[in-house]
Amino acid sequence: MNKPLSSSDLSAYWMPYTANRNFKASPRMLVSAEGMYYRDDAGNPILDGTAGLWCVPLGHAQPKIVSAVQKAVATLDYAPSFQLGHPMAFELAERLKQYTGNRFSQVFYTGSGSEAVDTALKIALAYHRIRGDATRTRFIGRERGYHGVGFGGMSVGGIGTNRKTFNSALLQGVDHLPHTHNLEKNAFTKGEPEYGTHLADELERLVALHDASNIAAVIVEPVAGSTGVLIPPKGYLKRLRELCTKHGILLIFDEVITGFGRLGTPFASDYFDVEPDLFTTAKGLTNGVVPMGAVFVKPHIHDAFMQGPDGIELLHGYTYSGHPLACAAGLASLDIFEQDGILEHAQSVSDYFQEAAHSLRGLPNVIDIRTIGMIAGIELSSIPGKPGARAYDAFRRAFNDGILIRVTGDIIALSPPLVIEKKHIDELFGKLAAILKTLD
C-alpha cells in the first residue's frame, strides 16, 4: 500500500478535464491495475467499467503487451520518423491494413486521437488542393460531436462548453449538422434507433447554402461517446455516405472510441457497413499502454499525393509518429485480438451486458438507457439549476463502492474492457443500481 500524498504533493500537477480544487481536497488515487481491476491507494479493488478512458479493451497489465514493450525499450527506445524508419512501424502499418480487410491502404501515425483528427482534416484539405479543387476548404461537423482538443478538432466538434473559451481562434468556414439524439422518439433503445434517419439530409441543406465546391469533408463519430453515447439512427450513416459521394465530399469517421472492437467488430465501419474515405483511431490501438493514434486512408487518397514531383508529399508529422514502444504495444495488441478471440468474446457477452444496462430502467431519475455493442449510456434527469451534479454524485459514490464509471453531464457512460466476464457485469450493474436507488 502506498503512502498517501499530502495536499502539497498534489499542487504541481494541473490536471486535465478535472475540477482541480475539488479533486485535491478529496483525491481519488489509482496506484496499480491488473485485468479488470484498478487498485486505489488504500488497496481497494476498483472494477473498471470504462476501460480507462475507453482505451483498454484487453484489460490492464496484459502480459503479452507488457513483455513486448519491455523488449522494445531495451532494443530501440526511440527512432525519428522524418526521413528515417524502423521495422516495427512498417510491420504495424501492414498489420493494421490487413485488419481493415485491406480496404484501407495506408496508415499515418500520430500521438493521440486529437492529433489524428487534425491530421485527417489536413489530409482532406491537401487532397482537394493537389487535385485542383483548392476552393474545397470548408468542414462540416456535427452538434454534440467530440473530436479532441486540437483547434481543428474543437472547430468541427459540437460541444459548446469546449468551444466557448477558444471561439475566436477556431477554424473559419466550419458548419455543423444537427445531432440525432431524441429522447421523445428513441428512449430506451437497444442498438440503432428508428427515428432520425432524415437528419442526414440536413447535409443537402448545407450543400445548398455553401455549395459543394467549397466543402472539403464531413466528419462524424459513428457513435458519439464523449457526449453521452449517441447512437446513429438506422440508415443515417449510409445516407451521409451517399450524399458525400454525390457531392464529391470526403467522409471522415472518428473511430477513436469505436475502433478496435468496441462494437464487436474491428471498426464501426464494419458494424454499420459504411465506408468512409478516412478514419481516425487511437485509444485501443495500443490498449492505452503507450500513446498513439493513426489515420487510415483509402487508396485514392494516398495515391493522389504520389502523382506530383519528387519531394515531401505531405508537409506534416510528429516527433512521436510511429514511436517504437507504441508500435510494439500495437503489434502485441493485434496479436491478442486475433489469437485470443477478443471480438468473438465481446459479441458473446454484449447481449448480457446490454440486458444488464436496461435492467436499470425504472430506477429513480433514469430517463433513458441506450446501448450498442459494448457501450451503454444511462441518462439521468438533471437537478434543477445544477446540470451534471446528479451524475457526478453517482461517479463519486461509485468509486467509493469499488466501480469506475464515466459521466458527461448527467449521462453515465459505460465501456468496460472487452475481456469482461458475466460476473463482472453483475458486479458493475448491481453496484450501480444500488447507487441509483439512493441518489438525491
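If you're wondering where the values come from, they're calculated on a predicted model, not measured in any experiment. (Residues numbered from 1 in each chain as written. Predicted model: local features only at pLDDT ≥ 70, side-chain atom pairs only at ≥ 80, totals over all residues. Heavy atoms only, no water.)

Scanning all chains against the criterion turns up four cavities of 30 Å³ or more. Taken as a whole, the largest cavity holds about 110 Å³ of empty space. If you go around the largest cavity, you meet 14 residues; those closest to its centre are His-181, Asn-186, Pro-193, Ile-231 and Arg-370. Counting only elements with at least two residues in the lining of the largest cavity, the list comes to helix H9 (183-186) and strand E12 (366-372). Looking at the lining of the largest cavity residue by residue, the class counts come to six nonpolar, six polar and two charged. In this structure, the second largest cavity encloses a volume near 60 Å³. (1 Å grid on protein atoms, 1.4 Å probe; cavity = no way out; pocket = protein on both sides within 12 Å on 5 of 7 lines; lining within 4 Å. Points joined across faces, edges and corners; volume = space filled by probe spheres on them. Helix = DSSP H or I, 4+ residues; strand = E, 2+ residues; numbered from the N terminus. Nonpolar A, V, L, I, M, F, W, Y, C, P; charged D, E, K, R; others polar.)

Time to look at the domain arrangement of the protein. Here the domain parsing of the protein yields domain 1 (7-58 + 341-438) and domain 2 (66-339). Each of domain 1 and domain 2 has a C-alpha centre, and the two are 26 Å apart. Listed per partner, the contact involves 38 residues of domain 1 and 40 residues of domain 2. Of the roughly 3100 Å² buried at the junction of domain 1 and domain 2 (both faces included), carbon and sulfur atoms supply 62%. Here domain 1 and domain 2 share 19 residue pairs in polar contact (both at pLDDT 80 or more) between them. Taken together, the residues of the side of domain 1 that touches domain 2 sort by class into 23 nonpolar, nine polar and six charged. (Domains from an automatic or database assignment. Contact = heavy atoms within 4.5 Å. Buried area = accessible area lost by both parts, 1.4 Å probe. Polar contact = N/O pair within 3.5 Å; in protein donor to acceptor, adjacent residues only side chain to side chain.)

We now examine the sheet that holds strand E3 (residues 45-48). Ordered by their spatial adjacency, four strands build an open sheet running E1-E2-E3-E14, and the pairing between neighbours is mixed. Both edges of this open sheet fall to strand E1 (30-34) and strand E14 (403-404), since each of them pairs with a single strand only. Sheet topology note: the E1/strand E2 (residues 37-40) ladder contains four bridges and is antiparallel. The residue bridging Ala-33 from the neighbouring strand is Tyr-38, located in E2. (Pairing = 2+ DSSP bridges.)

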